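Given next are the chains, with one letter for each unit.
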Amino acid sequence: MDIYQHRRHNKNLLMVHLIFVTKYRKKIVLGDFQDAVKQYLFDTCVKNHWYVKRMETDQDHVHILFQYNPTDSITHIVSILKQHSTYLSWQQHSALLEQHYWKKHVLWSDSYFAASIGTVSQAVIERYIENQG
């Protein structure tokens, strides 16, 4: 199985690990809402051709490991994921969210964690580059 994305002018394997935290670290990502948030994030990834490898939540945050396109910036991806999941969450779960947030359309904190990952270590790539030519 080929793990690379094949595009018209490139072949790539770009993966990132993202973590989003709920605003004020509210422990609300539970039960049905947990499943809904995961589905909103997954559907947004599919729509944008980002391929989810793993996704899991805790009570106040979500981890997503996915493959993305070289034309998309991480800040753009984060913005889209947070906007869509917040919008859909307030549409479908406003009763729950109103108990925790006085301002509508708030779900995630402004910050996020992002780490690129690869299939080989930095040392292996450095050796490969050193041995060229």
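Note that the structure is a prediction, hence the values are computed from the model and not measured. Along each chain, numbering runs from 1 in the same order as the chain's sequence is written. Reporting in this predicted model follows two pLDDT cut-offs: at least 70 for local features of residues, and 80 or more for side-chain atom pairs to be given and counted; totals over whole chains, interfaces and linings ignore these cut-offs and use all residues. Think of the side-chain values as coming from all heavy atoms in the structure, minus any hydrogens and water.

> Could you clarify how one ought to interpret the pattern of salt bridges in this entry?
Where charged atoms of side chains with opposite charge meet at close range, the side chains can pair. Counted as salt bridges are all cases of a side-chain nitrogen of Lys or Arg within 4 Å of a carboxyl oxygen of Asp or Glu. What the rule picks out here adds up to four salt bridges. Note that arginine 25 is salt-bridged to aspartate 60, the shortest N-O span being 3.2 Å. Highlighted residues: arginine 25 in the loop between β3 (14-21) and α1 (31-47) and aspartate 60 in the loop between β4 (51-57) and β5 (61-68), separated in sequence by 35 residues. Summary of the burial criterion: residues with accessible area below 20% of their type's maximum are buried, those above 50% are exposed, and those between are partly exposed, where the area comes from a 1.4 Å probe applied to protein chains only. Residue classification places aspartate 60 among the buried residues on the basis of a relative accessible area of 6%. Among the ionic pairs, glutamate 98 bridges to lysine 104, the shortest N-O distance being 3.9 Å. Residue classification places glutamate 98 among the partly exposed positions, given a relative accessible area of 45%. Helix and strand definitions follow DSSP, with helices as H or I runs of at least four residues and strands as E runs of at least two, each counted in order from the N terminus.

> In this structure, what is going on with the sheet that holds β5? I would like to understand it.
By definition, the strands of a sheet pair up through backbone hydrogen bonds, in either a parallel or an antiparallel sense. Should DSSP find at least two bridges between two strands, the strands are regarded as paired. Strand order in this open sheet of four strands is β4-β5-β3-β6, and the pairing throughout is antiparallel. Taken across any chain shown, the strands that pair with only one partner, and hence form the sheet edges, are β4 and β6 (113-117). Sheet twist, expressed as the average angle between the axes of neighbouring strands with direction ignored, equals 15°. In what follows, residue pairs with any heavy atoms lying within 4.5 Å of each other are defined as contacts. With axes taken as lines fitted to C-alpha atoms, and helix axes fitted only over the stretch in contact, angles between N-to-C directions fall between 0 and 180 degrees. The strands touched by α1 within the sheet are β3, β4 and β5, with β4 carrying the most contacts at an inclination of about 160°. Lying on the sheet, helix α2 (residues 74-92) is in contact with β3, β5 and β6; it crosses β3 at an angle near 45°.

> Can you walk me through the side chain of histidine 61 in this structure?
Take histidine 61: it is sitting in strand β5. Exposure remark for histidine 61: the relative accessible area of 14% places this residue in the buried category. At 3.3 Å, the side chain of histidine 61 and the side chain of histidine 63 are in polar contact. Beyond its immediate stretch of four places on either side in the chain, histidine 61 contacts Ile19, Phe20, Val21 and Arg25. In the analysis that follows, any N or O atom pair within 3.5 Å is treated as a polar contact, provided that within protein one partner can donate a hydrogen and the other can accept it, and provided that, for residues neighboring in sequence, both atoms belong to side chains.

> Can you help me understand the packing of α1 against α2 in this one?
Pairs of packed helices are described in terms of their axes, by the angle between the two and the distance that separates them. α2 packs onto α1 with a crossing angle of 135° between their chain directions and a minimal axis gap of 9 Å. The orientation of α1 with respect to α2, classified from their angle, is oblique. When the axes of α1 and α2 are compared, the crossing they make is right-handed. In contact with Phe33, Val37, Tyr40, Leu41, Thr44, Cys45 and Lys47 of α1, α2 contributes Ile80, Leu81, His84, Ser85, Leu88, Ser89 and Gln92. By the convention adopted, Pro, Cys, Tyr, Trp, Phe, Met, Ile, Leu, Val and Ala count as nonpolar, Lys, Arg, Asp and Glu as charged, and the other residues, Gly among them, as polar. Of the residues belonging to the contact of α1 with α2, the class tally is eight nonpolar, five polar and one charged. If an angle is under 35 degrees, it is roughly parallel; if it is over 145, roughly antiparallel; if it lies from 65 to 115, roughly perpendicular; otherwise it is oblique. Helix crossings get a hand from a simple test, with the near helix turned counterclockwise from the far one by less than a right angle marking a left-handed crossing and a clockwise turn marking a right-handed one.

> Which parts of the structure should I look at to understand the pairing of β4?
Within a regular strand, the side chains alternate between the two sheet faces. Sheet topology places β4 next to β5; six bridges connect them, and they run antiparallel. Its bridge partner lying in β5, valine 52 is registered against phenylalanine 66. Between the end of β4 and the start of β5, which pair antiparallel, lie three residues.

> Got a minute to help me understand the packing of aromatic side chains in this structure?
Aromatic ring pairs are described here by two measures, namely the spacing of the ring centres and the angle between the planes. Ring pairs shown here join Phe, Tyr and Trp side chains whose ring centres sit within 6.5 Å, with only the six-membered ring taken for Trp; geometry is labelled stacked below 30 degrees between planes, edge-to-face above 60, and tilted in between. Counting across every chain of the model gives four aromatic pairs. Each ring, one from tryptophan 50 and one from phenylalanine 66, has its centre 6.2 Å from the other, and the planes form 40°; the classification is tilted. Taken together, the positions of tryptophan 50 in the loop between α1 and β4 and phenylalanine 66 in strand β5 put the pair 16 residues apart, joining distant regions of the chain. Each member of the pair, tryptophan 50 as well as phenylalanine 66, carries the same accessibility label: buried. Between phenylalanine 66 and tyrosine 68 the ring centres are 6.3 Å apart and the planes differ by 65°, which places this aromatic pair in the edge-to-face class. Its relative accessible area of 12% is what places tyrosine 68 among the buried residues. Ring-pair connections join several aromatic residues into one group, and the members of that group are Trp50, Phe66 and Tyr68.

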